[in-house]
Amino acid sequence: MRGLLLLLWFALFGTEVRAQNAQASPGLRLTWRAGDAAHTATAANIALYVAPGQSATPFLPAGPFTARWEGSVNADLRGDFTFQAQGRGSVKLELNNLAVLDAPALDGKITSKTVRLNKGANAISLTYSSPRQGAAQLRLLWNPRADKPMPHEPIRGALLTHSAAAQVAPSAAEGLDLFLQARCAKCHTPPASAAAPELAMDAPALDGIGARRHFAWLQEWILNPHGQRAGAKMPKMFHGPDASGQAEATAAFLATLSKDARAPAAAIKPYAAPAAVATAVENPAATPEGEGTLLHKFHCNACHNLPGEKPDAKKLSLDHLTRKFPPQALTDFLLAPERHYAWTRMPNFRLTPDEAAELARLLVEKLPQFKLPGPPVDPAVIARGKQLVATTGCLNCHSLTGMRSELAAPTLAQLAASRWDRACLAERPAADAKTPHYSFTVGERAALAAFGATDRKAVERHAAADSAGRQVRRLNCAGCHGSTEGIPALDPLGEKLRPEWTRDLFSGTLPSRPRPWMMARMPAFPAPSALLAHGLAATHGLPPQSPATPAVDAKVAEQGRKLVGVEGGFSCVACHGVKNVPPLQVFEAQGVSFSLMGARLQPDWYVRWMLDPLRVDPQTRMPDYFDEDARSVLLDMMDGDALRQIEAVLQYLRQGEKMALPVMR
Amino acid sequence: MCKHPVLSLMACAAAAWPLFAAEKPAAPTPAADWRPKLSKLLQADFPYTKACIGASFPANNKANKGMAIIAGKNAFMCFDTDLLRWSAGWTPGFTVSKGQTNYVGYINDEGVTYNGSHGGHPRIVGDQRFGASAIPGWADTQGSFKDPRKEPFGPLPRSWAQWKGDYVVGENVVLHYTVQGVSVHEQPGSVERQGQTGFLRNIRLGARPQPLTVLLCEVENAQARLEGHAATLTAQARITRVGTVGAPAASRMEWQENKRLVLHLPAGDATLFKIVLWQGESTGADAFKVLLEGPPAMVDFAKGGPARWPQPVVTRGESNTSATPDGAYVTDRLTAPDKNPWNRRVRFGGLDFFSDGRRAALCTWEGDVWIVEGIDATLENLRWRRFASGGFETLGLRIVKDVIYTSGRDQITRYHDLNHDGEADHYECFNNDITSSPGFHEFVFDLHTDAAGNFYTVKAGPVRGGGSGFGGGGGNGDISQHAGCVLKVSADGSKLEVYATGLRAPNGMGVGPDGQVTTGDNEGTWVPRCPVNWVSPGAFLGVESLAHRKNPMPPHQKPLCWLDKSWDNSGGGQVWVSSKSWGPFEGELLHCSYGQSALYRVLPQRVGEQMQGGVVKIPVKFTSSAMRPRFNPADGHLYNAGLRGWQSNAAREAGLDRVRYTGKPVVTVRALRVDRQGVHLGFTQPMDPSIAEDAQNYSIQRWNYKRTNSYGSGEYSVADASKKGRDTAPVTAAKLSADGRTVTLTLGGLAPCDQQLIRFTLKTADGAKLQSEVMHTIHAVP
């Protein structure tokens, strides 16, 4: 996870880091130890959450561990800072070789005395030991204005660096990632107790595939997946002179599978169509939101080369759609991409049928309409295909009701480390090879070999943050987050959003969108939903379940209701709606409805946001009502105490749909 | 979209009234009163409300500069001061809610000024009886009613007709205008007899060397019957009857183009006559002759009317509500009269002082003018009087020779208190050449004069609901001739000219002692960040949609500086320090941020013809936004009036504060200059060299913006334009001058950039801490 998030940080803050210290690499060097075992990585921040029974990293066993972060914290200006460690365990923080925090048995939080930091790089090291029992948890925060009563905040990733010489080569970790993504464990089975969540990753079910894909495309794809998509994880199975015939026979058999009798999983419900700007506009057509077609509005181009646009080799082509999908099948696929392939990278946009039909129309309108050959109907060919499907290993990854794979491969443990350069991992497959060929690059093969050289127990361990990080990369979250205007950077979301809420967001069970007026929407990734939600939180040292909170204080919440209203309050309702009541006068940027916030936001993040929104997001249009002395512009409520007012609003927000309306005119 | 459940019924379905006929009770009885159901955001005790007013017919009938006039107990009329036409006359209507009949009338409170909605404007509420489309209310010398304007906004040519203003006398209003040089005074009213309501136009017409033709009303596809001085127009079940009383004998009506009823008036001497209009079902038509009874009449408006708001609102100010860290500046609050007997909403849009300096006048967004007296050291007894009302979003005010002028969406108004009772009686139109479309966002901000007495104001562009783009029709309005322009009006009001173009929504401007014009603006389409504009005559300030010139697009006059969002996300006005007693800054420029409610000193640097520089904050706090800064000529202190009406962190809807210099040493940045040696920061005090010369105590970030038709801009690396984010500029040396008052920072890669932020933590030679920031722009490194 950390290495992956580092990529995001670098994309965001790269110029800053580069200018500050040409020799520095982003993030801190992180060394994990458990017993005699050690593992090094690069960490974007100083935070961890490891649930009991889970591993801090896939390369160490569960149980007691230590973690040591080393590198530099780069201050913008010489000044006085305080640091705060939150969590459980033992913490020792040194800055410029002076002990700043020393908490042998932290259970809660501890704040340092004021520390003078130099402008630029200051040596930082933090040693953490997990507690004897329970979850291991740590967050290191700072307050860059020690003379001000502001809450401690995370150290922005760009401000943490380590010297390039100390950079770690993460090849074994990369190898683990590839091993899981390529579904190697589907043939080379790990022990039954193996716990890496990605072992559950499936491949498209074959039931009904004949109705969902054209025969011609199946044949091409089976024959050479990498010819169609360089990064395909589907291996090439047939290598000899009869490869074409084998592919044709396999596709011919698949083409007969036109029925899917399996019980459909619970469908993800469509979101309501985007709402118009929630104010009285006589001519709403004159306020377009976003340019271009639905394809642009949904940012399909984050992952795909859109028809008619200059292709980008890193993105998936859509040129083959008319060869691949029968017309209705494309619409059906867009409506529920996970229906036959739970772990598909294509997310569910919770489209209405009209939206899906429109997208499908846009996707194919510029493509040639082929007259595609039908499948061979010769029973012998079909029978041969069936036999190939049973014996080649297709069914090790793909499910098909009523059939089982007849292919047996060595277990993971049986694979000798010295042989991780042949068979599936050979540079080129022999003509008579029976093994799949993945077209791995030299680097990828080296990474897999590096993983093979470990004890391979990494696949047996559940390390939430690492798993989530792999999924973030696999799903190309950064294709939109941090790179597309109007879509937030991914990194801060784990400490902003409550994991219960993000899980529902990812799983597609959230009843409505927080920003229904936007055309762009966060799609659902149902299969890894819990994994992502927990991992994103863990990356920021937060648990997968939000701690219980005391009941809402009705009196304080009532004051909060006044504070958000027009009469004597901040008039937050100008931009924020409440329940089904739209905001009064949205301009420039509508805010999320108040009734959705309590379930959505982490309380610590909320407080920092309210105190100084522009400090959290320099592009936000949320006004700043409180000064750096934590004084409010509204002096006649709660003595103008910012933190009390912010807490009162939080109490109000926590009521969700039960909240009473504030004064809205 | 109609949001108000009761009014929306009227507003949206007025055209479909007959559909409700089955539920309709008898016509409003004399006892029925529409006033109790009138929105509290509107007033029934002043003769008119100026706004863009929508009516039900003819189609698309909007009076861009409408005066919705209460013409008696049960009648309303809307006058269009651009076209000098009566766009509509209507009577109260009713709604039935939960079995109860509610009488409703006048106008609804739709629109940004009232219920806050974006994209709407008030519409008539009730039963429309007559109307006329957007054509001139009087014909030209050839008898034509064809709209002569290049675009359907702004007034008629002066040679055709000219709006002069109005007089208010009790519940009456007298309109004054000229037609082909002939003076016209007109008093609208109504008469109720036999359960029928007639609309009255009492007209005092000056001597006419030539005949004139006046528009009476339009009824599409009516059967017209003209008989002497009366006409009967029948359209389906509705009958319109129009008559004149006292009109010159040779006058005659004419039915034109099967829709328009006009009255031809022969050349002749001055005369007073009246026009009576009635519309209803055939059963009431016979009452028309009764409605005609009585002579034409006009109130004596020349001496003003009785005071309508005689009681003052007394408030007590508060001293020392905030202070700068050095204690050199403190704020005092002049408590606003937001609790007043008339329940008037108070949101200050303009401020200026009378010559005695103990009194100031403030206009409000609601169209009121208040005068406050008792401005003294203690502020203990502030007496507020309402002086005027009814204005069209008055957001600028200037006092010249103790006479109040306001800028509104319709005109610059000059106010006269004819009987010296402390209230305006004559609302003189000083200049109404400005264009105004129905756009909700066409604010006309601020009002200043230069040394020669010319007036300056600035009109926002018709930003669309939601904030992006401009115009497009409907409630978003259209890009009319003056959209996004600084406007200059000659000292006598006779001439308006465009001084600069290309602004989006500058809530305030300034005019320096030498006539230098400045504005702020509001981040948005074509405005990457809020600027401080140093405006040359003829300048194009960057919003291409509002350049009013194309092929080629004129060069963009770059601002003196841009300001990051956290400094200014919505600009307010500027003021030049005209006081010798306000600390060491006489002659310098101050800039306000409306959005951040913050006050800045501008640090200018001239490089050839281009101004550049930045700002440093004067960290005081205001009761509401920072928007209309003015120096009081008597006490030499700065005063600021502000409102909260759209996005701002302002705490209150209205605030008036004084920023007072206490005489303590000022510890801040004095000046900023960039040259090849580096960045020179001047200070008001000698600095401690051991700290000032340590480069570690300075931090510099810089970045660029992209000026596009997108909303605002991201931040882009100066070093690599393809990268987002800020660059950190290394400060390699800091050198203090011999007098200890200027530090020169040497920094790597010093180069032009849109935005540079310098942060520092220093001490003066006396040990006072100075932790501050300067936000600036480098166009050139001389």
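The shown structure was predicted, so the numbers you read here are calculated from the model rather than taken from an experiment.

Draft legend 1. Region of interest: the sheet that holds strand E10 (residues 161–169) of chain B. Residues and elements named next belong to chain B. On the basis of which strands lie adjacent, the open sheet formed by twelve strands has the order E15-E16-E17-E20-E13-E12-E11-E10-E31-E30-E29-E28 and antiparallel pairing. Here the strands that pair on one side only, and so sit at the sheet edges, are strand E15 (223–227) and strand E28 (396–400). Averaged over all neighbouring strand pairs, the angle between strand axes comes to 20°, with direction disregarded. Sheet topology note: the strand E17 (residues 238–245)/strand E20 (residues 271–281) ladder contains eight bridges and is antiparallel. Directly across from Val242, in E20, lies its bridge partner Leu277.

Draft legend 2. Representation of the pairing of strand E31 (residues 426–431) of chain B in the model. All names here are of chain B. In terms of burial, E31 is largely enclosed, as six of its six residues are buried. Relative to E31, E10 runs antiparallel, the two being bridged by three bridges. Across the sheet, residue Tyr167 finds its bridge partner in E31, namely His426. In this sheet, E31 lies alongside strand E30 (residues 412–416) in antiparallel orientation, the contact comprising five bridges. The partner of Arg414 across the bridge, within E31, is Glu428.

Draft legend 3. Seen up close, the pattern of salt bridges. Residues and elements named next belong to chain A. Overall, the coordinates contain 71 salt bridges over all chains when judged by the stated rule. Glu628 is the salt-bridge partner of Arg145, the closest N and O atoms lying 3.3 Å from each other. Pair noted here: Arg145 is in the loop between strand E10 (136–143) and strand E11 (153–154) and Glu628 is in the loop between helix H21 (613–616) and helix H22 (642–653), with a separation of 483 residues, a long-range link. By relative accessible area, Arg145 is classed as partly exposed at 22%.

Draft legend 4. Quick peek at the interface of chain A and chain B. On the side of chain B, 70 residues touch chain A, which itself brings 48 residues to the contact. Buried area between chain A and chain B, summed over both chains or domains, comes out near 4700 Å², and the portion from carbon and sulfur atoms is 43%. Inspection of the chain A/chain B interface yields six salt bridges. Residue Arg759(B) is joined to Asp76(A) by a salt bridge in which the shortest nitrogen-to-oxygen separation is 2.1 Å. Linking chain A with chain B are 17 residue pairs in polar contact (both at pLDDT 80 or more).

Draft legend 5. Fine view of the domain arrangement of chain A. All names here are of chain A. Assigned domains of chain A: these are domain 1 (2–168) and domain 2 (554–658). Taken over C-alpha atoms, the centre of domain 1 sits 31 Å from the centre of domain 2. Of the roughly 830 Å² buried between domain 1 and domain 2 on both sides combined, carbon and sulfur atoms contribute 52%. Inspection of the domain 1/domain 2 interface yields four salt bridges. Linking domain 1 with domain 2 are three residue pairs in polar contact (both at pLDDT 80 or more), by the criterion used here. The class makeup of the residues in the side of domain 1 that touches domain 2 is five nonpolar, two polar and four charged.

Parameters and conventions
Numbering of residues starts from 1 in each chain and follows the order in which that chain's sequence is written. Chain letters and ligand numbers both follow the written order, the letters beginning at A and the numbers at 1. In view of the model being predicted, local features appear only for residues whose pLDDT reaches at least 70, and side-chain atom pairs are presented and counted only at 80 or more, with totals across whole chains, interfaces and linings using the full set of residues. Hydrogens and waters are ignored; side-chain quantities use all the structure's heavy atoms. For two strands to be treated as a pair, DSSP must find at least two bridges joining them. Numbering of helices and strands starts at the N terminus; helices are DSSP runs of H or I of at least 4 residues and strands are runs of E of at least 2. Here an axis means a line fitted to C-alpha atoms, over the contact stretch when the element is a helix, while the angle between two N-to-C directions is reported on a 0 to 180 degree scale. With a 1.4 Å probe rolled over the protein chains alone, any residue whose accessible area is under 20% of its type maximum counts as buried; one over 50% counts as exposed, and the rest are partly exposed. One side-chain nitrogen of Lys or Arg within 4 Å of one carboxyl oxygen of Asp or Glu is enough to make a salt bridge. Whether two residues are in contact is decided by their heavy atoms, any of which lying within 4.5 Å being enough. Two parts placed together each lose some accessible area; with a 1.4 Å probe, that loss summed over both constitutes the buried area. In protein, a polar contact means a hydrogen-donor-capable atom and an acceptor-capable atom, both N or O and within 3.5 Å, with residues adjacent in sequence counting only if both atoms are side-chain atoms; elsewhere, any N or O pair within 3.5 Å suffices. Domain delimitation in this document rests on an assignment produced automatically or drawn from a domain database. Throughout this entry, Asp, Glu, Lys and Arg are counted as charged residues, while Ala, Val, Leu, Ile, Met, Phe, Trp, Tyr, Cys and Pro are counted as nonpolar. The remaining residues, Gly among them, count as polar.

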